[in-house]
Amino acid sequence: MHETAILISSKNGEKTIAETVRRAAAQADVYVVSDGSTDRTAEVARRAGARVLARASSGGKPDALRAGARVFRLADRYRFIGVVDDDTLLAPDYVERVTSRMTDGDAAASGRIDSLWDDAHRWNPYIAMRAFMYWSYQVTIKRGQNALGVVNVICGANSIFRVDVFARLIEEEVPYAIDDMFWVGEIARHRLGRIRYVHTAQSWTIDPHTFHDWYRQTVRWSWAQFQSIYGHRLVAPVVRDQRRRTGWRVSGFNLAYLALVLDWIPYALEPLLVVPVLLLLSEWVDPLWLCIWLGGVTMAWIAVAAAALRRWRLILLAPALIVLDLVYRGTMLHAFAKTVRSPRVESCRWDSPPRFELQADEGAVRTGVV
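Residues numbered from 1 in each chain as written. Predicted model: local features only at pLDDT ≥ 70, side-chain atom pairs only at ≥ 80, totals over all residues. Heavy atoms only, no water.

Caption draft 1: Structural view of the nonpolar core. Among the nonpolar cores identified, the biggest contains 77 residues, and W183 and L314 are the most heavily contacted of them. Among the elements that line this core, the one with the most residues is helix α5 (residues 125-148), at seven residues. Apart from the residues lying within four places of it in its own chain, the contact partners of W183 are L65, I154, F161, L169, I170 and V174. If you look at the next biggest cluster of nonpolar residues, it comprises 26 residues, including I8, V21, V44 and A201. (Core = buried A, V, L, I, M, F, W, Y, C linked by side-chain atoms within 4.5 Å. Buried < 20%, exposed > 50% of the residue type's maximum accessible area, 1.4 Å probe, protein only. Helix = DSSP H or I, 4+ residues; strand = E, 2+ residues; numbered from the N terminus. Contact = heavy atoms within 4.5 Å.)

Structure (structure tokens):
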């Protein structure tokens, strides 16, 4: 028996779950909740090596995780519980790398996430965009946050929790569009521990490969993050703390979140402000040279990503990435508007885009290609 349990909730994940279970089962005990699936998810997962709970009706991902934790009594049997998506592949040493870095003061930890980018989709701009954004965010912001002890995202696809923290989080209803965004807020609010990022632990996931699915999922992610910022007041640097004599304390986590939001605001608004600013500064700034400079910086960063990921086609896809980057800024504004209208949801339900089938060999997964 391992000290880590991997819990996977899935609805109609027949195409992907077998490979996910096989890779996880080589390093942890795997449990799958088939949440009202109408395909062969339960059968495929069981054959791949998981213990399976098949639910007749769907209650959503958080409810499925709660049911699995209770039925399999995971909190009584394990030291760590990993929550993995049914289309995520873990590197052979993923669990060991993550858990060996976790201390008693850590509430949860996750490793690096990369896009599964197979030959059939090698020129897909939406997968290319995700691969580029994952790399950019993780190599800069997330590694920096980890060094400061203020990681503000639990990756829903590959996170491992201290068992007592998971048991506490899973009992609560999730009022945001995505469960892990709510859990981040709860960890910060109740000071359950640090969230750690382990860059050397690698995993891969399937990302949307059509514009419609990419846009919807991107908006949903930002919507949930804005919901957590509003609902948990994550940008208020001074928070109540009855354990302090003054009744208040300064939160380093919230300060880091505030800094991130202050970075997001000009980033999201830049396309709307660039023309007025250029007109205002036209006597001092040459618009042509400014555009050349901005384009050169962007191309240089994409080239660095291409070298780091060993995906040289990113350079050829750069025009598409630049356009999608502008669209991404629009998704942030869209998500903000959704948060104003709907700061909470009645229940956190499934909203997964269509996925392609996983058929990967060991060598392919080491390089992130299937």
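Let's pick the thread back up.
Caption draft 2: Broad picture of the sheet that holds strand β3 (residues 51-55). With respect to topology, eight strands assemble into an open sheet ordered β3-β2-β1-β4-β7-β6-β8-β5, the strand pairing being mixed. Of all strands in the sheet, those bounded by a partner on one side alone are β3 and β5 (88-90). Strand-to-strand twist of the sheet, defined as the mean angle between neighbouring strand axes without regard to direction, takes the value 30°. Those strands touched by helix α2 (residues 41-48) are β1 (4-10), β2 (29-35) and β3, and its axis lies near 170° from that of β3. (Pairing = 2+ DSSP bridges. Axes fitted to C-alpha atoms, helices over the stretch in contact; angles between N-to-C directions.)

Caption draft 3: Here's a closer look at the packing of α5 against helix α8 (residues 211-231). Between α5 and α8, the shortest axis-to-axis distance is 10 Å and the interhelical angle comes to 30°. By the criterion of interaxial angle, the relationship of α5 to α8 is roughly parallel. Across from Y126, M129, R130 and Y134 in α5, the residues of α8 making contact are F211, W214, Q217, T218 and W221. (Parallel < 35°, antiparallel > 145°, perpendicular 65-115°, else oblique.)

Caption draft 4: A look at the pairing of strand β7 (residues 158-162). Burial analysis of β7 places five of its five residues in the buried class, which makes it a mostly covered element. Of the strand pairs in this sheet, strand β6 (residues 106-115) and β7 are connected by three bridges, and their pairing is antiparallel. What sits directly across from A108, in β7, is F161.

Caption draft 5: View of the packing of aromatic side chains. Under the counting rule described, the total for this entry stands at 16 aromatic pairs. By way of ring pairs, the aromatic residues F226, F253, Y257, W264 and F336 are connected into one cluster. For R313, the ring lying beneath its charged end belongs to W117, and the centroid distance is 4.3 Å. The ring of W223 has K338 lying over it, and the distance from NZ or CZ to the ring centre is 4.2 Å. (Phe/Tyr/Trp six-rings, centres within 6.5 Å; stacked < 30°, edge-to-face > 60°. Lys NZ or Arg CZ within 6 Å of the ring centre and 35° of its normal.)

Caption draft 6: The packing of α8 against helix α12 (residues 318-341), seen in detail. At their nearest, the axes of α8 and α12 sit 8 Å apart, and the two run at 50° to each other. Taken together, α8 and α12 sit at an angle that is classed as oblique. Of the two possible hands of crossing, α8 and α12 adopt the one that is right-handed. Across from F211, W214, Y215, T218, V219, S222, W223, F226 and Q227 in α8, the residues of α12 making contact are L324, V327, Y328, G330, T331, M332, H334, A335, F336, K338 and T339. Along the lines of polarity and charge, the residues of the contact of α8 with α12 split into twelve nonpolar, seven polar and one charged. (Left-handed = near helix turned anticlockwise from the far one by under 90°. Nonpolar A, V, L, I, M, F, W, Y, C, P; charged D, E, K, R; others polar.)

Caption draft 7: Main features of the pairing of β2. Within β2, seven of the seven residues are buried, which leaves the element mostly enclosed by the surrounding structure. Both β1 and β2 contribute to a ladder of six bridges, which runs parallel. Bridge pairing links S10 to S34 in β2. For the segment spanning β1, helix α1 (residues 17-25) and β2, crossover handedness is right-handed. Relative to β3, β2 runs parallel, the two being bridged by five bridges. (Right-handed = clockwise from strand over helix to strand, strands pointing away.)

Caption draft 8: Looking closely at the pattern of salt bridges. Evaluated as defined, the whole model comprises 25 salt bridges. Between R66 and D63 there is a salt bridge, with the nearest N and O atoms lying 3.0 Å from each other. Of this pair, R66 and D63 both sit in helix α3 (residues 61-71), three residues apart, roughly one helical turn. Overall, R66 belongs to the buried group, its relative accessible area being 6%. D63 gets classed as partly exposed once you look at its relative accessible area, which sits at 25%. In this structure, D164 engages R162 in a salt bridge whose closest nitrogen and oxygen atoms are separated by 2.8 Å. In this structure R162 comes out as buried when scored by relative accessible area, which is 17%. (Salt bridge = Lys/Arg side-chain N within 4 Å of Asp/Glu carboxyl O.)

Caption draft 9: Representation of α2. For α2, the complete set of buried residues consists of T41, A42, V44, A45 and A48. The buried residues of α2 occupy an angular sector of 165° when projected down its axis, which confines them to one face. For α2, the secondary structure elements touched by its buried residues are β1, α1, β2 and β3. At the C-terminal side of α2, G49 shows a positive phi close to 120°. (Arc of directions from axis to C-beta.)

Caption draft 10: Structural detail: helix α7 (residues 179-190). A rise of 1.5 Å per residue sets the reference length of α7, with its twelve residues, at 16 Å; its end C-alpha atoms lie 17 Å apart and thus fit the reference within 8%. Among the twelve residues that make up α7, ten are buried, leaving the element largely enclosed by the rest of the structure. When we look at burial in α7, the residues that qualify are D179, D180, M181, F182, W183, V184, G185, E186, I187 and A188. After α7 finishes, the residue R191 shows a positive phi value of roughly 50°. (Expected span 1.5 Å × (residues − 1).)

Honestly, that's just the spatial picture; any functional story needs more than this.
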